[in-house]
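# A closer look at the structure
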Amino acid sequence: MEFLSRACAGGAGIDYFLQQLVNGVTLGAIYGLIAIGYTMVYGIIGMINFAHGDIYMIGAFISLVGFLLMSALGITSVPIAIAGVLLFAMIFTAVYGWTVERVAYRPLRGAPRLAPLISAIGVSIVLQNYVQLAQGARVKPLQPMVQGGFTFSPGGEFHVTISILQIMIVLLTLSLMAGFTYLIQKTPLGRAQRATEQDRTMAALLGVDVDRTISATFVIGASLAAVAGLMVTLYYGVIDFYLGFVAGIKAFTAAVLGGIGSLPGAMLGGLLIGLIEAFWSGYCSIAYKDVAVFGVLVLVLIFRPTGLLGRPEVEKV
Amino acid sequence: MTQPVLDVSNLSMRFGGLAAIDNLSFTARGDHITAIIGPNGAGKTTVFNCLTGFYRPTGGSVRVTHDNGKQFQLERMAGFEIARKARVLRTFQNIRLFAGMTALENLLVAQHTELMRASWYSVAGLLGLKPYEKATRTAMERARYWLDRVGLTAQANNPAGSLSYGLQRKLEIARAMCANPVFLCLDEPAAGLNPREDQELVEILLELKREHNIAIILIEHDMGVVMHISDHIVVLDHGACIADGTPAEIRANEKVIKAYLGQDDSEEDG
Amino acid sequence: MARGLSLAALRDAAAAGIVAGLLALPLLGFRLLDSAQGLSLGYRLSWVFYAVIGVFLGRLVLNLIGAKWAARPRSTHHNAAMARFTPSASQSEYIAGWAMIAIAFVLPFLPFVDRNVVDRMTLVLIYVMLGTGLNIVVGLAGLLDLGYVAFYAVGAYSYALLALNFDLSFWICLPLAGIFAAAFGVLLGFPVLRLRGDYLAIVTLGFGEIVRVILINWQSLTGGPNGLVGIPRPSFFGLEFRAGAGGFADVFGLAFSPAQRIYFLYYLILALALITIAFVQRVRSLPIGRAWEALREDEIACRSLGLNPTTIKLSAFALGAAFAGFAGSFFATRQGFISPESFSFIESAIILAIVVLGGMGSQIGIVLAAVLLVGLPEWFRDLQQYRMLAFGGAMVLIMLWRPQGLLSRRTPTAKLAEAGSS
Ligand SMILES: Nc1ncnc2c1ncn2[C@@H]1O[C@H](COP(=O)(O)OP(=O)(O)OP(=O)(O)O)[C@@H](O)[C@H]1O
Ligand SMILES: [Mg+2]
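Everything quoted here is computed from the prediction, not taken from an experiment.

### Concerning the coordination of the magnesium ion (ligand 2)
The reference angle at a metal is 109.5 degrees if four donors form a tetrahedron and 90 or 180 degrees if six donors form an octahedron. Residue and element names in this part refer to chain B. Taken together, T45 (OG1) and Q93 (OE1) make up the full set of protein donors to the magnesium ion (ligand 2), lying 1.9 to 2.1 Å away. Placement of T45 in helix α1 (residues 44-51) and of Q93 in the loop between β6 (88-90) and α3 (103-109) is noted, with a sequence separation of 48 residues between them. Note on T45: relative accessible area 16%, which makes it buried. Judged by its relative accessible area of 28%, Q93 is partly exposed.

### Here we look at the interface of chain A and chain C
Contact with chain A, which involves 77 residues of that partner, is made by 70 residues of chain C. With both chains or domains summed, chain A and chain C bury close to 6300 Å², and 75% of this area falls on carbon and sulfur atoms. Summed over the shared surface of chain A and chain C, the number is 0 salt bridges. Joining chain A to chain C, the criterion identifies 6 residue pairs in polar contact (both at pLDDT 80 or more). Where the side of chain A that touches chain C is concerned, the elements lending two or more residues are α1 (2-5), α3 (52-72), α4 (78-105), α5 (114-135), β1 (140-141), α10 (243-258) and α12 (289-303) of chain A. Per-element tally for the side of chain A that touches chain C: the top contributor is α5(A), with 17 residues. Tallied by class, residues from the side of chain A that touches chain C come to 54 nonpolar, 13 polar and 10 charged.

### Quick notes on the domain arrangement of chain C
Parsing chain C into structural domains produces domain 1 (1-72) and domain 2 (113-401). One C-alpha centre belongs to domain 1 of chain C, the other to domain 2 of chain C; they are set 40 Å apart.

### Observations regarding the pattern of salt bridges
Taken as a whole and judged by the stated rule, the model has 27 salt bridges over all chains. In this structure, the salt-bridge partner of E293(C) is R284(C), at a minimum N-O distance of 2.9 Å. We note that E293(C), like R284(C), is buried. Through salt bridges with shared partners, a single ionic network connects E105(B), R284(C), E293(C), R296(C), E297(C) and R410(C).

### Description of a nonpolar patch on the surface
All names here are of chain A. Taken together, the side chains of F150, F152, I164, I167, L171 and L174 make up a nonpolar region of the molecular surface, amounting to roughly 560 Å² of accessible area. Of all the secondary-structure elements, those providing two or more residues to the nonpolar patch are β2 (149-152) and α6 (164-186). With 4 residues, α6 is the single largest residue contributor to the nonpolar patch. By secondary structure assignment, the location of I164 is in helix α6. Classification of I164 as partly exposed rests on a relative accessible area of 38%.

### Examining the sheet that holds strand β5 (residues 71-73) of chain B
Residues and elements named next belong to chain B. Pairing in this open sheet of 4 strands is antiparallel, and the strands run β2-β1-β4-β5 from one edge to the other. The two strands at the open ends of the sheet, each matched to only one other strand, are β2 (18-29) and β5. Between one strand axis and the next, the sheet turns by 15 degrees as a mean value, whatever way the strands run. When strand β1 (residues 5-15) meets strand β4 (residues 59-65), the two strands line up antiparallel, connected through 6 bridges. Looking at β4, one finds that V8 is bridged to V62.

Thresholds, definitions, all that
Residues numbered from 1 in each chain as written. Chains lettered and ligands numbered in written order. Predicted model: local features only at pLDDT ≥ 70, side-chain atom pairs only at ≥ 80, totals over all residues. Heavy atoms only, no water. Donors = N, O, S within 2.8 Å, 3.2 Å for Na, K, Ca; no water. Helix = DSSP H or I, 4+ residues; strand = E, 2+ residues; numbered from the N terminus. Buried < 20%, exposed > 50% of the residue type's maximum accessible area, 1.4 Å probe, protein only. Contact = heavy atoms within 4.5 Å. Buried area = accessible area lost by both parts, 1.4 Å probe. Salt bridge = Lys/Arg side-chain N within 4 Å of Asp/Glu carboxyl O. Polar contact = N/O pair within 3.5 Å; in protein donor to acceptor, adjacent residues only side chain to side chain. Nonpolar A, V, L, I, M, F, W, Y, C, P; charged D, E, K, R; others polar. Domains from an automatic or database assignment. Patch = residues over 30% accessible without salt bridge, like charges linked within 9 Å, V, L, I, M, F, W, Y side chains within 5 Å. Areas by Shrake-Rupley, 256 points an atom, 1.4 Å probe, with all protein chains shown as cover. Pairing = 2+ DSSP bridges. Axes fitted to C-alpha atoms, helices over the stretch in contact; angles between N-to-C directions.

This is the structure in structure tokens:
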């Protein structure tokens, strides 16, 4: 077939390799943040929240509005603007996450397994068309806000550039991850979440407010998706209403690859997907990068049916 | 013609560090009801899982010999082949019926292999050819017989999941019987039954042995049932066999009393 | 009591209004305006106000007139598991089925039915066929397939390529397309069918996307994003639907009208859909069909009874794929033109929604759901963007309204006469 016969070529050399690595890690951080939302929701109520990719898209749009609002308010300092927008986007996107759960999923708890999935697909369609109607179908560009970076050339001819933005994205992701791990492991909310995950009925009987816990999960997932949306807005500089679909599928793939239900797995999966995508685009063909991503997913699942870090499932007979 | 035999030798099953079965050997004869007893977590269900191909044992072997001399090494076979070829069938500790399908359908699914062959992998079935129609009638007859035998005829068209617990247990046995077993492994068939149902179960099992020549291997906690019907008892504790003999021998065995039978009035030990 | 109720209703409505305000503020309250100078911000804060008022009033009315309605979904869910155990489909459903077939046959001759309606119903019937095929996989065998559209695409492209390159007729291409799609299903299914539920879902979703990406990029074979054009239309036993001598109209002494082909296509897909339905109904009560359902209910019990889950799953997957392949080749010949755009994820989602909404296994349910999800929206073609918004919203609402699907009763595949009918 054509795409196989086209030999994987591209620039050689260590510099080129490093550049793809940098790009892949950045992309991976973004996927990882979205993947956490999938993995958490799946862990706690066992459903694929198909609309999560669109929540991320909403996050990107709200961020864009936030940036314009900041400049309208006369805030010129870039760090303050970004911090402000981060807060703005996280809060308002969280409201979307909360509402979706409340309206479209909560009434379906205990319904047949596929009912919430169809509902989620419906929500996804609604959100896409809502944004398209409210903001127009055209891509929305944003002037680069964070510029500059470090360039070095370890191998000679080719330069490796690490932009400040990339550093920021990775650092932000890492700190969110750290905070998040703390949240799950040390706080009462985290405990309630884990209890609900294990046995919802029992948790409720023991006094865990299950509804609140599930809502909180959606709120956290949505705010992390908002961060990812903000970063993608800054990183690529263009967004559109369709952004959520592909990113959502890939982030879900990342969650499955890492082992759905596992938080470190989601990050690892995100990173891997980012790297595969960057390297495949860099060395082989951009057109088939998604094929590569799904190909790796299938391979991993065939050999490790519960993902890389997922607990192997015990079939109690 | 010899009797069918099931030979377990040096069977081991480890889950990580835990040895759920530790070098277990015993023999179950075709004309016997063999009971496996032991405290909770002793590894009884795990033995069944190894026999029926749900777990691949980490060591040892399980051999089934049919009365025509044919032999099967179960540890090398896939689960569905064990049921199909070695004809070792089982029931489950937590009943596993096809809950949304009717009792009758449950019994028809158990005859899948034969019906499938008779329908020429669906071709004859689609065309409604004679051989398939005949096989269907035979299958219905067998289902009818077993429904009648366990007292489920009136509920034949009800979804299995809507039956009472006791009836579900019986339906599961009937389903296994429809698959034409040589060895029938029952995992705690009396659990959750009331005394009257207990009695009915005992009668059914004795009849299976007497009239149908089925070899039964039984896991059971109800000592009344075990002592009454079994010919041979294997006692497990911590995955190892601590006693093996007739009911009378087992009842008198010091080790068994300490580990299991006399559990109520003595402290647990290791 | 009533006062307390209305006060609570008021409070609840106010809360809903506030949430609506928060939702509307960033995305409705501001508008991103593109201009030559770049992006700027427009304000439409009045919209936020309308959203708040609208949601507040709507919620209030709902609360007041439908306190029962709000409580309803929860109470029905406790019976979700038991719902499957309700008595099986009755005589009335049987009669309804035949009535629907009769209506379908005379539809083109009904007074208020014009070409457009027939064309629309042709589309609905394609989805009935697809839904019936996917129902084997999802409804009967319980395998969640989110990439069903891949087989539809394989069928359509196989038909188009065979017809274009080898000049084969529709009646030869149709079975070939089905066989290709089935083979493709086996090929994909073999490595992944041992995955459990949602893992299978994501992998099939991935396959769907892979197929689309390949269709877009394999220019030399598939024509890339532009697709394939000039796909031969089907003929009536060799008679083409064209004007002039030797055409269908000419031979039968009729005046030529483009509508003839539309009517012909309608009856063609009606026949295909009926064959599909009859086939699936028949297969369901064969051993293989019962094995599919048993597999859905409990795979472990299946293995313990000597059923081989892999082959049973593969057969369901392949058969489902084959019907998608047939539907795909009909789609190609009807359009005369295909491109990757017609085979995006949304198609898989719609087909799945038809199956789930229909009640997972109910044939009449599938037909009703196809009319509801495919037929009705076609009437609102002019409303374009609002149509998709409403479509998504309807998917959510219908699920909330009937989580079990429209018709969720199961007909047993065999009955014992002497048992009391339940
Ligand atoms: N798949 C598995 N993975 C890990 N450990 C297992 C697995 N299956 C069984 N075990 C362990 O093996 C031991 C024996 O379990 P088993 O179910 O065989 O006990 P049992 O004798 O049937 O007990 P009971 O009378 O309660 O049914 C237990 O400690 C159990 O936790
Ligand atoms: Mg047990």
